[in-house]
Amino acid sequence: MATKAGNDRMWWSLFSVLFGFALFIALLGFFWILRGWLAPVFVGLLLAFIFHPVVDWTRLRWHWSPLLTVTLLLISFAALVTGLAVWLLPLAFVQISQFMQNLPVYIEELARLVSGKEIELGEELTARFSEFAGKPEEILPLVVSGSVKSLGIFADVFSAATYILIYMVLLFVFFVAFSLHLQDIGNW
């Protein structure tokens with residue numbers, strides 16, 4: 001009788017471990033599938049947890065409402081990002097224009113390294129442009145084809161920008177919501 005009870009406990013504990021492991025794997029898969037939607041929730045919760053001491057300090061010290069503190073934090077973050085953009089974008093434009101000016105030299109150097117021969121890209125391109133300038137009907141299909149391909153790139157850029165915008169809005173919404181109720185969540 002003692003052996004049967006011991007076997008039952010062993011099977012029950014094995015079942016418990018396997019069930020717990022299967023449940024863990026299922027939850028992990030569920031969160032993996034929903035990771036794109038849950039990411040703003042978790043990042044918002046993390047930001048609320050990080051900035052909770054600031055929100056709590058301003059509430060106790062200056063009697064500010066948590067909503068006011070969170071709003072000022074968001075405005076400060078937006079001002080910081082805007083300042084960085086105003087400072088760094090002109091530098092990026094200068095570097096891009098310098099890169100575009102140096103691109104023929106880079107291409108010539110790359111072609112020389114790959115082929116082992118000296119290639120002057122400038123003369124070949126000039127001859128090619130002169131050839132196309134005399135035959136505009138050959139340029140038109142290339143221009144139309146390039147324009148249609150660029151529309152696909154613009155659609156990809158637009159969809160990525162929309163995704164990022166929605167992500168940021170959701171992140172801020174969850175950050176505000178969790179910041180206002182983090183004390184209640186902690187007490188729960």
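See the structure shown above.
Predicted model, so just to flag it, every value in this text is computed and none were measured. (Residues numbered from 1 in each chain as written. Predicted model: local features only at pLDDT ≥ 70, side-chain atom pairs only at ≥ 80, totals over all residues. Heavy atoms only, no water.)

1. A few points about the overall build of the protein
Right, on to step 1. When helices and strands are counted, the protein shows 5 helices and 0 strands.
Right, on to step 2. What you see in the protein, going N to C, is helices and strands ordered as α-α-α-α-α.
Right, on to step 3. Sorting the 188 residues of the protein into buried and exposed places 9% on the buried side.
Right, on to step 4. Within the protein, residue pairs in contact and separated by at least 24 positions form 59% of the contacts whose partners lie at least 6 positions apart.
Right, on to step 5. As displayed, the protein offers around 15300 Å² of accessible surface, 76% of which is attributable to carbon and sulfur atoms. (Helix = DSSP H or I, 4+ residues; strand = E, 2+ residues; numbered from the N terminus. Buried < 20%, exposed > 50% of the residue type's maximum accessible area, 1.4 Å probe, protein only. Contact = heavy atoms within 4.5 Å. Areas by Shrake-Rupley, 256 points an atom, 1.4 Å probe, with all protein chains shown as cover.)

2. Quick notes on helix α2 (residues 35-61)
Residue pairs spaced three or four apart in an α-helix point in one direction, given the helix's 3.6 residues per turn.
Right, on to step 1. With 27 residues, α2 should reach 39 Å at 1.5 Å per residue; the first-to-last C-alpha distance of 38 Å fits that figure.
Right, on to step 2. Maximum bend of α2: about 50°, positioned at Phe51, with proline Pro53 one to four residues after it.
Right, on to step 3. For α2, the full list of buried residues reads Pro40, Val41, Gly44, Ala48, Val55 and Thr58.
Right, on to step 4. Two residues or fewer past α2, His63 is found with a positive phi of approximately 60°. (Expected span 1.5 Å × (residues − 1). Bend = angle between axes of the 7 residues up to and from the residue.)

3. Quick word on the pattern of salt bridges
Right, on to step 1. What the rule picks out here adds up to 1 salt bridge.
Right, on to step 2. Measuring nitrogen to oxygen at the nearest pair gives 2.4 Å for the salt bridge that ties Asp56 to Arg59. Of this pair, Asp56 and Arg59 both sit in helix α2, 3 residues apart, which is roughly one turn of that helix. (Salt bridge = Lys/Arg side-chain N within 4 Å of Asp/Glu carboxyl O.)

4. Looking at the environment of Leu170
Right, on to step 1. The residue Leu170 is located in helix α5 (residues 136-187) in this model.
Right, on to step 2. With relative accessibility at 34%, the residue Leu170 sits in the partly exposed group.
Right, on to step 3. For the pair formed by Leu170 and Trp37, sequence separation is 133 residues and the distance between their alpha carbons is 9.4 Å.

5. Overview of the nonpolar core
Right, on to step 1. Val41, Ala48, Val55, Val70, Phe175, Val176 and Phe178 together form the largest nonpolar core, which totals 7 residues.
Right, on to step 2. Where this core is concerned, the elements lending two or more residues are α2 and α5.
Right, on to step 3. Aside from chain neighbours lying at most four places away, what touches Phe175 is Gly44, Leu47, Ala48, Phe51, Val70, Leu73 and Leu74. (Core = buried A, V, L, I, M, F, W, Y, C linked by side-chain atoms within 4.5 Å.)

6. Details of a nonpolar patch on the surface
Right, on to step 1. On the surface, Trp12, Phe15, Phe19, Leu23, Leu27, Phe30, Phe31 and Phe42 cluster together into a nonpolar patch covering about 880 Å² of accessible area.
Right, on to step 2. Element by element, the count of residues in the nonpolar patch is highest for helix α1 (residues 2-33), at 7 residues.
Right, on to step 3. Following the sequence through the fold, Trp12 ends up in helix α1.
Right, on to step 4. The exposure class assigned to Trp12 is exposed, which follows from its relative accessible area of 58%. (Patch = residues over 30% accessible without salt bridge, like charges linked within 9 Å, V, L, I, M, F, W, Y side chains within 5 Å.)

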